[in-house]
Every structure is written in C-alpha cells, then in structure tokens.
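Okay, here's what each chain looks like letter by letter:
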Amino acid sequence: MKTSPAKSASPLGRSLLRIYLKEARYDFLKLWRMPAYALPTILFPTMFYILFGLIFAKRPGADSRIGLYYLATFGAFAVIAASLFALGVGVAGERGQGWLEVKRASPMPPMAYFTAKVITSMTFGLIIVLILMGLAIGLGGVRVTLAQALTLLAVEVLGAVPFCAMGLAIGYFAGPNSAPAIVNLIYMPLAFFSGLWIPIGLFPRILQHVALILPPYHLGEMALGVVGMGDGEANWVHMAVLGAFAALCLVLARVGFRRDEGKLYG
Amino acid sequence: MIVLPEATREEPTGRSGRLTTATPTPVARLDAVTKTYGPVTALREVRLTVPAGGVLALLGPNGAGKTTAVKLLLGLAQPTKGRVSVFGADPRSAASRTRTGVMLQTGGVPPTLRVREHLDLFSSYYPNPLPVGECVAAAGLEGLEKRKFGELSGGQKQRLLFALALCGNPDLLFLDEPTTGLDVEARRVFWDQIKRLVRHGKTILLTTHYMEEADALADRIVVLNQGSIIAEDTPAQIKTRASGRRIRCVTRLATEELRKLSGALEVIRPCQDAQPGAVEIRAVDAEAVLRQLLALDPQLAEIEITKPRLEEAFLTLTRADDDSRNI
C-alpha cells in the first residue's frame, strides 16, 4: 500500500466542520433508509393528524380550531418521538453492540457523534411538521400567517433538543434490546398526559397538575402559543422547565457514560 | 533488549532519557499497569512495550486480559494504576488517535450505509487518509463499494472493518481477532494483507485465538494469563520455552513412576475415556526417556513422538502458570 500523497489532506489537517457535516449526513441517511425508524416516525403523526385533525374536525359541532390545535401538538409529538427513537434506541444499540467503541477509538470528535444525532432528529422533525402544515393548510382549511408558520417550525425543531437529551440518557442506561420497548412505553403516555392529544383543560384536576411537570406539555404549550392557543403562561417558564429537564437528562447520560467506561466487555 | 557497553551508557549531559535513541522508540506501552473492575483484577502490574514495525501478537485464554490491554491502549478504559502511552502521548489524545487504526470485534455497524459511505466518513476523521479506492483495493472490497453493510457476507463485513482500520493510513493498527469466522482461504488472504502492511513499515498489535496465526505473522508473542504476562518472545523461542517433544504411549506404569524418569518434564494423563494406560510425556531428549520407558515396561505400546506446535507450547505455558498459582 502506498502512503497517500500529502495533497489529499487539507492544509490545516482534517477539517472539523467537514467531519461534523459528514457525520450528520450519514447519520440521517442511515435512519432515512431504515424503514423501522423512518416509517413510524413519519407516518404515525401524519396518520394521527389525518384522523384527529382532519376527519374528526369535520364532525358537525366540532370546534373549528381542532385542526390548528393538532398541528401544534402533533408537531411536538412527532419531534419528541423522532428524538427519543434516534437518540435512545440509536445510542443504546450502537453502544451495546460495540459500534460506539469503534467510533470512540477513532479520532472522531465525540461531539460530532451526538450533534449528528440531534441534527438527524431535527431534520426528521422538520420534515414531519412540514407535512402536517401541508395537510392542515391544504386539506384542513387551517389559516396561519407566514410568521406564525415559520415560528412554529422553529419552536418544534428546536424543541427536539431536550428530548434528544432524554433519549441520550435512555441510550446510556438501556440495553440494545430493551431500548425500543422502553421508548415505546414512555412516549405515548407521556404525550397523552401532556395534553398533546386532548387539551389538559378536559383532564381531571389532579392530572392537570401532573401535566405541568411533564416536559412535552411545555413544548406543546410553546407551539400552541405561536398560533394563539396557549394557556397564557410566559414562554420563559416553558423554556426554563425544558432547559432544566435537558440539563438533568445530560447529567444522567454522563453518569451512564462514566459507568460504561468501567465496564468490561468480554 | 540490547545492553549497551558501560562507556556508551554514560551520557555527557547525564540525561538518561537520551538512551531511548539507542533502542527503537516504542510506539505504545503499558507501564506497570493494573486494571481492576470492581473486585476483579483484569491486569496486574503489566509492562508491555510495542516496538515500532512488525507484528506483536497478544495471546491468552479467554479472560486473560487481552481485551483489557487493548482497551487501555485505545484509551477506551483508564488504568487503575500505572501509565499508558501511545506515540508518547495519552491514547485518548487526537495526536495518538490520528496515527492509530482499529479493528474490533463489533456488532451494530449501521447496516443501511454503503461500503463507500462508511469509508468516506471514517477517512474524514484522519488528516492524511488513504484515497478510498486504494483502501477498497487493499481490503479486497472491489466491486462492493455500493453494497450496504447489511447486505455483505460475514467475510466481507470483516473486510470492511479491516478497511476502516486502514483508511486513515495509520502507523499503528490494532487488530482484535481479525480472522474470527473466516474460512481458511479468506484467512490466508488476510494474512497476506497484514504482511503487506508490515512491509510498508506499519506496526500491528494483533490479538488472536489462532496460534497458527500468531506463528505465521508475529515477530513477537506476548502470552497473557490471568492478568499477567507469562512469556514474551519470538514464536520460535516460545516454542522452545515449552520445549521438547511429546511421547504418546500406552503403558502399565503408574504416573508417579513416569515422573521419576530422568528427563521427563511433564506427565499428562489424557481424559478418562481414553484408552487405559494412555499417557503423554514431554521431554527434551525424547529418545533417552523412551529408552528408560522400554526398559521398565517391555509391553509399551502405541508409541508416537511429536514436535509441539505453537498451540501446544502455549497451552503448556498457561497450564504451568495456572498450576504454580494454585499451589
């Protein structure tokens, strides 16, 4: 084997930006081509929106704002699911089966790995929210201003961050086989009790209090706030709760990461 | 280890550090490393030096500490005591990782990415990667560039993992049981690839279960058992260490009597369902022992004398070590 000519390297050696971009691109492609991830991630929210946001909303006497409500909450639901599956199931699998070790032993900057997964989650989130918007505006007769649409997109896509952190924590504690089950068990009830399916105003009082401590409720509220359907709580409260939740998850993930370091494989 | 004459050992500056210029600079070393996992001691005061160039094979039974040693050298685990260095630096540093390539036994390789994509990504981590085409050729993956990892056969998957170790054009390669699961033909091809890397000045640290593989490839063999190095030498020397030949025969003599034979190094009774009286005796001068045997037992039967292969030498070494620990 010949030693490669020096011209193949950039003058500054490897380019960090290039690594981050390639890592993100291939992480996205990896899941995009994986029907077990891509299909439920994209089709479930779409299907739910068609059922609840379009068909049920057409019943006589239904609240005319149902289509708008579900655009905001199912968008949040979709982003949460995309993040938990990409990070939780992804990291647990790659960690548990030894692939992450190969990556860690390489000169890959560790942050490139995690950033790529966040970008993947956000990209899937963006795709789904765009689909939901298309359905809402095109078929549901929902009217939003351009500014509202763009703000909603930004809120939903950035809303992936705390749930990526949660996925990371799950990924560092769950095994490769148990992670999908754990995420499936968690995300549906979490979304439901956070009012992403039914407004918490219709909940029994005790459950309304429970919703306040559930992070998806706060993302849902921020999204609803954009289209004028929020509970009126200030955005910084929602952001503070989501930020604190993300920080807690990152601390947990770090504990799991440390625990991994001491583990003996084989 | 070259012992320098007294005169040259004297450094005018008094800096003994200069001495390293007289011997090849090691590319990697474990310096009195102890690694414990909870109550389990995986490595005990291990001193291992990987010299530049050539193949160093790490042998040992399961649980001997091979994987731990490799993980420490890769910076994937931290030593409980002692120091680990690769290219004179912390193995976790970018400086040593960009000069190191790794092939580990692993699952979870993203199955939906193509061969070319895997190589494109891993190459981007290194400052001076091999052109992807060259790497594909070196690992024998021609024509499979567009194949997804999940569509590759077992042997092709191994070749991709090997290609990932190569793609950064590293100076040091860690190959952890690289030919596990390969058929004989594929293993030979792989050996040729490793030999070619050595000709290009690479240093290779190989762990393997196949003694034949270590014998064929390694310049030095380090035998680990129960967390300690019990032998470190060339394959030929290792074979001589557990030296002599094996006499297999069927005799009515008792084990105690056989042990008293002059020149018998070891007496082994094969497992119980073997023929009654079957025995194996290891001796340097097999003929002399055989003469004594025949004198004591004229009915001695089924005599067979064999030279040890490396595998047997290795078993002898680890067994002797285990015995001495159990006393």
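For every chain, the first residue of its written sequence is number 1, and the numbers climb from 1 along that sequence. Labels are handed out in written order, letters beginning with A for the chains and numbers beginning with 1 for the ligands. It should be noted that, the model being predicted, local features are given only for residues of pLDDT at least 70 and side-chain atom pairs only at 80 or more, the latter also being counted only at that level, while totals for whole chains, interfaces and linings use all residues. Side-chain calculation: all heavy atoms of the structure are included, whereas hydrogens and water are not.

*Asks:* Can you tell me about the environment of Thr98 of chain B, naming the residues and giving the values?
*Replies:* Residues and elements named next belong to chain B. Mapped onto the elements, Thr98 comes out in the loop between helix H3 (94–97) and strand S5 (100–103). Along the sequence, Thr98 and Pro127 sit 29 residues apart, while their C-alpha atoms lie 7.1 Å from each other. Within 3.5 Å is the distance limit for a polar contact, defined as a pair of N or O atoms, with the added protein rule that one can donate a hydrogen and the other accept it, and that residues adjacent in sequence qualify only through two side-chain atoms. For Thr98, the side chain forms a polar contact with the main-chain oxygen of Ala94, separated by 2.9 Å. A distance of 3.3 Å separates a polar side-chain atom of Thr98 from the backbone oxygen of Ala95. Only DSSP runs of H or I reaching four residues or more are called helices, and only runs of E reaching two or more are called strands; each is numbered from the N terminus.

*Asks:* An account of the pattern of salt bridges is needed here, citing residue identities and associated values.
*Replies:* Residues and elements named next belong to chain A. The working definition used for a salt bridge is a side-chain nitrogen of Lys or Arg within 4 Å of a carboxyl oxygen of Asp or Glu. Counted according to the given criterion, the structure contains 19 salt bridges over all chains. For Asp27, the salt bridge identified is with Lys30, shortest N-O distance 2.8 Å. With a gap of three residues between them, Asp27 and Lys30 both fall in helix H1 (residues 16–32), about one helical turn apart. Only protein chains enter the accessibility calculation, which uses a 1.4 Å probe; a residue is then buried when its area is under 20% of its type maximum, exposed when over 50%, and partly exposed in between. Overall, Lys30 belongs to the buried group, its relative accessible area being 7%. Between Lys117 and Asp27 there is a salt bridge, with the nearest N and O atoms lying 2.9 Å from each other. A residue pair is termed long-range when its members are at least 10 positions apart, and Lys117 in helix H5 (residues 110–138) and Asp27 in helix H1 qualify at 90 residues. Across the pair, exposure class does not vary: Lys117 and Asp27 are buried alike. Because the salt bridges share partners, they merge into one network encompassing Asp27, Lys30, Glu94 and Lys117.

*Asks:* Report on the interface of chain B and chain A, specifying residues and quantitative values.
*Replies:* Residue-level contacts link 44 residues of chain B with 37 residues of chain A. Between chain B and chain A the total buried area reaches about 3700 Å² when both faces are included, carbon and sulfur atoms providing 60% of it. Here the buried area means the combined drop in accessible surface, using a 1.4 Å probe, for two parts upon being joined, counting both sides. Sorting the residues of chain B by area buried against chain A places Leu76, Thr112 and Tyr125 of chain B first, and these three jointly supply 17% of that buried surface. Taken together, the links from chain B to chain A amount to three salt bridges. In this structure, Lys71 of chain B and Glu101 of chain A form a salt bridge, with 3.2 Å as the shortest nitrogen-oxygen distance. Tallying contributions element by element places helix H4 (residues 115–124) of chain B first for the side of chain B that touches chain A, with six residues. Any residue that is not Ala, Val, Leu, Ile, Met, Phe, Trp, Tyr, Cys, Pro, Asp, Glu, Lys or Arg is counted as polar, Gly included; the first ten are nonpolar and the last four charged. Of the residues that constitute the side of chain B that touches chain A, the class distribution is 24 nonpolar, 12 polar and eight charged. The contact rule is simple, with two residues in contact once any of their heavy atoms fall within 4.5 Å.

*Asks:* An account of the nonpolar core is requested, with residue identities and associated values reported.
*Replies:* Only buried Ala, Val, Leu, Ile, Met, Phe, Trp, Tyr and Cys residues count toward a nonpolar core, and they belong to the same one when joined by side-chain atoms within 4.5 Å. With 161 residues, the main nonpolar core has Tyr49 of chain A together with Leu30, Leu73 and Leu119 of chain B as its most contacted residues. Examining the composition of this core, we find that 19 residues originate from one element, helix H3 (residues 66–96) of chain A, more than from any other. Setting aside chain neighbours within four positions, we find Leu73 of chain B in contact with Ala28, Arg29, Leu30, Leu48, Val84, Val86, Pro91, Phe174 and Leu205 of chain B.

*Asks:* Break down a nonpolar patch on the surface for me, with residues and values.
*Replies:* In this analysis, a patch consists of residues with relative accessible area above 30% that form no salt bridge, clustered at 9 Å for like charges and at 5 Å for the nonpolar side chains Val, Leu, Ile, Met, Phe, Trp and Tyr. A 1.4 Å probe and the Shrake-Rupley method give the accessible areas. Residues count as covered only by the protein chains that appear here. Judged by side-chain polarity, Phe173, Leu248, Val251, Leu252 and Val255 of chain A come together as a nonpolar surface patch covering roughly 450 Å² of accessible area. The greatest single-element share of the nonpolar patch, amounting to four residues, is contributed by helix H11 (residues 235–261) of chain A.

*Asks:* Which residues make up empty space enclosed by the protein, and what values do they have?
*Replies:* For each structure, a 1 Å grid was placed over the protein atoms alone; sets of points admitting a 1.4 Å probe that cannot get out are labelled cavities, open sets with protein on both sides within 12 Å along at least five of seven lines are labelled pockets, and lining residues have an atom within 4 Å of a point. Grid points are joined across faces, edges and corners, and a volume is the space filled by probe spheres set on the points. For the coordinates displayed, the defined rule picks out four cavities of 30 Å³ or more. Of the voids in this model, the largest cavity is the one considered here, and its volume is about 90 Å³. Lining the largest cavity are 14 residues, and of these Glu23, Lys30 and Lys103 of chain A together with Pro110 and Leu121 of chain B lie nearest its centre. In terms of residue count, H1 of chain A provides more of the lining of the largest cavity than any other element does, four residues in total. Here the lining of the largest cavity is composed, by residue class, of seven nonpolar, one polar and six charged.

*Asks:* Can you tell me about unusual backbone geometry, naming the residues and giving the values?
*Replies:* Residues and elements named next belong to chain B. The backbone of Glu177 sits at a positive phi, close to 45°, despite the residue not being glycine. Inspection of the secondary structure puts Glu177 in the loop between strand S6 (172–176) and helix H7 (184–199). With phi around 45°, Gln226 is a residue other than glycine that occupies positive phi space. Along the chain, Gln226 turns up in the loop between strand S8 (220–225) and strand S9 (228–233). Gln226 gets classed as partly exposed once you look at its relative accessible area, which sits at 37%.

*Asks:* Lay out the sheet that holds strand S4 (residues 81–86) of chain B in plain terms, naming residues and giving numbers.
*Replies:* All names here are of chain B. Taking strand neighbours across the sheet as the criterion, the three strands line up as S2-S1-S4 in an open arrangement whose pairing is antiparallel. Whereas interior strands pair on both sides, the edge strands pair on one side only; in this sheet they are strand S2 (40–51) and S4. Strand-to-strand twist in this sheet, taken as the mean axis angle between neighbours without regard to direction, amounts to 20°. Bridge count for strand S1 (residues 26–37) against S4 is five bridges, and the pairing is antiparallel. Note on S4: the bridge partner recorded for Arg29 is Ser85. The angle between two axes is taken between their N-to-C directions and runs from 0 to 180 degrees, where each axis is a line fitted to C-alpha atoms and a helix contributes only its stretch in contact. Here helix H2 (residues 66–73) sits on the sheet and contacts S1, S2 and S4; the angle it forms with S1, its principal contact strand, is near 120°. Strands were regarded as paired on the criterion that DSSP finds at least two bridges between them.

*Asks:* I'd like a rundown of the layout of surface pockets, residues and numbers included.
*Replies:* All names here are of chain A. Taken as a whole, the second largest pocket spans an internal volume of roughly 630 Å³. Every residue lining the second largest pocket is counted, 26 residues in all, and those nearest its centre are Pro110, Met111, Phe114, Arg254 and Phe257. Contributions of two or more residues to the lining of the second largest pocket are made by helix H4 (99–105), H5, helix H7 (160–173) and H11. Counted by class, the lining of the second largest pocket contains 18 nonpolar, three polar and five charged residues.

*Asks:* Requested: an account of the side chain of Thr120 of chain A, with residues and values cited.
*Replies:* Tracing the sequence through the fold places Thr120 of chain A in helix H5. Aside from chain neighbours lying at most four places away, what touches Thr120 of chain A is Ala24, Asp27, Phe28 and Leu31 of chain A.

*Asks:* Would you mind going over the packing of aromatic side chains in detail, with residue names and values included?
*Replies:* Side-chain rings of Phe, Tyr and Trp (the six-membered ring for Trp) are treated as a pair once their centres are within 6.5 Å; stacked means planes under 30 degrees apart, edge-to-face means over 60, and tilted covers the remaining angles. As enumerated under the stated definition, the model contains 27 aromatic pairs over all chains in all. The interplanar angle of 45° and the centroid separation of 6.2 Å between the aromatic rings of Phe48 of chain A and Phe74 of chain A together place this pair among those described as tilted. With Phe48 of chain A in helix H2 (residues 35–55) and Phe74 of chain A in helix H3, this pair connects stretches of sequence that are 26 residues apart. Take Phe48 of chain A and Phe74 of chain A: they sit in the same class, and that class is buried. Taken together, the aromatic side chains of Phe44, Phe48, Phe52, Phe56, Tyr69, Tyr70, Phe74, Phe77, Phe85, Tyr187 and Trp197 of chain A make up a single cluster linked through ring pairs. Lysine NZ or arginine CZ positioned within 6 Å of the ring centre and within 35 degrees of the ring normal marks a charge as sitting over the ring. Sitting over the face of the ring of Tyr37 of chain B, Lys35 of chain B holds its NZ or CZ atom 5.0 Å from the ring centroid. Across the ring face of Phe87 of chain B, the terminal group of Arg99 of chain B is positioned such that the distance to the ring centre comes to 3.8 Å.

*Asks:* For the confidence of the model for chain B, give the residues involved together with the corresponding values.
*Replies:* Residue and element names in this part refer to chain B. When pLDDT is averaged along chain B, the result is 85, and 87% of the positions lie at 70 or above. Per-element confidence in chain B is highest for H4, whose mean pLDDT is 97, and lowest for helix H1 (residues 6–9), whose mean pLDDT is 38. Here residues 1–22 is modelled with pLDDT under 50, and outside its nearest four sequence neighbours on either side it reaches seven contacts, counting other chains as well. Interface scoring of the predicted complex returns ipTM 0.89; its pTM is 0.82. The predictor reports its confidence for every residue as pLDDT, a score running from 0 up to 100.

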